[in-house]
Amino acid sequence: MKFKLLIAISILTLISLVGIQGYLIYNSYELKHKTITIDARNAIARIYTSPKIDSIAWLYRNNFLSNLEAYKNNEISKDDLLDSLQEKSKEINPGFLEIFNEGLKTYDADFDIQFKKIVTAISVSDSLGTIETLYPEKRNDTIILLGSSFDQTDALLINNSTWQKDHDVTTENGIETFDLNFKSSIFMNITNWNSLLIRELSTLLVLSTLLFLFVVGLLYYSIQNLLKQKRVAEIKTDFINNITHELKTPLSTLSLATKTLTNNYAKDNKEIFSDAIQVIERQNTRLQNLIDQVLKSSLGYQQIQLQKEPFNVTTFLDDLLNDYELTISKKITIHRTLESTGMLLNGDTFYISTAIINLLNNSIKYGGTTLKVGYFLDTKDNNHTISVADNGIGISVKYHKHIFDKFYRVSEKDTHNYKGLGLGLYYTNQIIKAHNGTINVASGTNEGTTFIVKIPVSI
Ligand code: ADP
């Protein structure tokens, strides 16, 4: 419970941390966005108010005023008036753009800007106050006075301006004064937003990602460690329970035997006396074996001192099985498939027989009645390959990666009845490792078990 809570709190903290970091990055992004916009606006304001640009703007204004006079004298239509305004703008635009881009260069700015000044409305009113709309109010690129066309959704408004002028027009009725109301707006568009922001924020992004990965790694490592410790603690408790259980039987038998010996009747009866002595001796050996098993089998492969000599594996296994068969029940059969490879194995026969006998003992202990021992030379990877297979209870796949761990015992209901300390496979693996070999298991519940030992030819 505590452990799960700890993990949940850690994950929540991590999520909050990511949230806060994301918020900070977003804020920096907004700030950068604002700074770049302000810089670009300032640059445009300076360039636009230069005398050169002002004189260019007067070119279309003067042209418009003279065309307005022609319109009022009915020499041209309203459309002609607007068309000619557009024509004039097109004519002066290349000159404008040149000056504008030249001006931008002096700023040595990173941003790429598009600029446009568009007509938003034009009207004239006469002395009586009658208003005539020449160009209805709209915000699109229909008439671009200066600059280049771009999508209105990308456009950032810089300012709205109104050119107002009292203009005298000579018509057939004499001089009339018109009040001109010429509205326009200036927009800009920064075209390289993404590259600008990525460049500005890349260090921050990389650092935050690294920091995040580091924290996740740390959390993962801590949780793994905690899990491992929990498992080790469980295994140790199991081991203590197992060994106590194993010690109890010989100890209680010993206590019974000593009681018999102290009994006056037994002292006079030689048979009972010697029986009791034999029991004591047997239990003593049993205790001794148990202690030896714990001491020896806990050795790591670096501590195993091998006395290596080349030997023929086929005859070695044959002899080992002949001896072994004498010690087991007649109900158990062992099939041998031992190839005569002629290739010698440079190893320690004492340790290798301990390893093979451990596997055979397990096969019988865990329900095997028909055992198969095989040997061949794997020419693909040049390994002596020994296999021990049984038709016992099998090992479910989920335990495979643990069974070679020290003190590990499969803790399924069915396996509770089998005595053991969880050291056999650990020690077997250490012996094989000391020979630079490997041991693998292939098994499933109720499918029997096969252990495959591989020892390189050249060791
Ligand atoms: P022990 O036999 O003392 O429990 P081992 O290290 O020899 O310890 O084996 C570890 C576990 O692997 C055992 O608890 C058992 O569940 C499983 N095991 C080993 N060999 C076999 C086998 N041949 N068949 C089924 N289960 C096996």
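Here the structure is a predicted model, which means the values were calculated and not measured. Residues take numbers from 1 onward in each chain, read along the sequence in its written order. Residues qualify for local features only when their pLDDT is at least 70, as the model is predicted, and side-chain atom pairs are given and counted only at 80 or more; totals for whole chains, interfaces and linings, by contrast, use all residues. Computation of side-chain values: all heavy atoms of the structure, hydrogens and water removed.

Boundaries between domains were set according to an automatic or database domain assignment. Assigned domains of the protein: these are domain 1 (50-191), domain 2 (223-297) and domain 3 (309-456). Here the C-alpha centre of domain 3 lies 95 Å away from the C-alpha centre of domain 1.

So, on to helix α9 (residues 424-434). Here α9 lies mainly inside the structure; 9 of its 11 residues are buried. By the burial criterion, the buried members of α9 are Leu 425, Tyr 426, Tyr 427, Thr 428, Asn 429, Gln 430, Ile 431, Ile 432 and Ala 434. Any two residues whose heavy atoms approach within 4.5 Å at even a single point are treated as in contact. The helix count covers DSSP runs of H or I at least four residues long, the strand count covers runs of E at least two residues long, and both are numbered beginning at the N terminus. Here the buried face of α9 lies against α6 (270-297), α8 (349-365), β11 (438-443) and β12 (449-456). Note on α9: the residue one or two positions beyond its end, Asn 436, has a positive phi of about 60°. Relative accessibility thresholds used throughout: buried, under 20% of the residue-type maximum; exposed, over 50%; partly exposed, between the two (1.4 Å probe, protein chains only).

Two aromatic rings, drawn from Phe, Tyr or Trp (for Trp, its six-membered ring), form a pair once their centres lie within 6.5 Å of each other, and the interplanar angle then sorts them: stacked below 30 degrees, edge-to-face above 60, tilted otherwise. Summed over all chains, the structure comprises 14 aromatic pairs. When the ring of Phe 239 is compared with that of Phe 407, the centres are 4.1 Å apart and the planes differ by 35°; the resulting orientation is tilted. Of this pair, Phe 239 sits in helix α4 (residues 193-262) while Phe 407 sits in the loop between β10 (383-390) and α9, and the two are 168 residues apart along the sequence. Each member of the pair Phe 239 and Phe 407 is classed as buried. When the centroid spacing of 4.9 Å and the interplanar angle of 50° are considered together, the rings of Tyr 366 and Tyr 418 count as tilted. Of this pair, Tyr 366 sits in the loop between α8 and β9 (370-378) while Tyr 418 sits in the loop between β10 and α9, and the two are 52 residues apart along the sequence. Among the aromatic residues, ring-to-ring pairing joins Trp 58, Tyr 60, Phe 64, Trp 163 and Phe 182 into one connected group.

Turning our eyes to something else, we now look at the environment of Ser 208. Tracing the sequence through the fold places Ser 208 in helix α4. Along the sequence, Ser 208 and Ile 190 sit 18 residues apart, while their C-alpha atoms lie 27 Å from each other. Residues within four places of Ser 208 in sequence aside, it is in contact with Gln 21 and Ile 25. Any pair of nitrogen or oxygen atoms within 3.5 Å is treated as a polar contact; in protein, a donor-acceptor pairing is required on top of that, and neighbouring residues in sequence qualify only through side-chain atoms on both sides. Looking at Ser 208, its side chain comes within polar contact range of the main-chain oxygen of Leu 204, at 2.4 Å.

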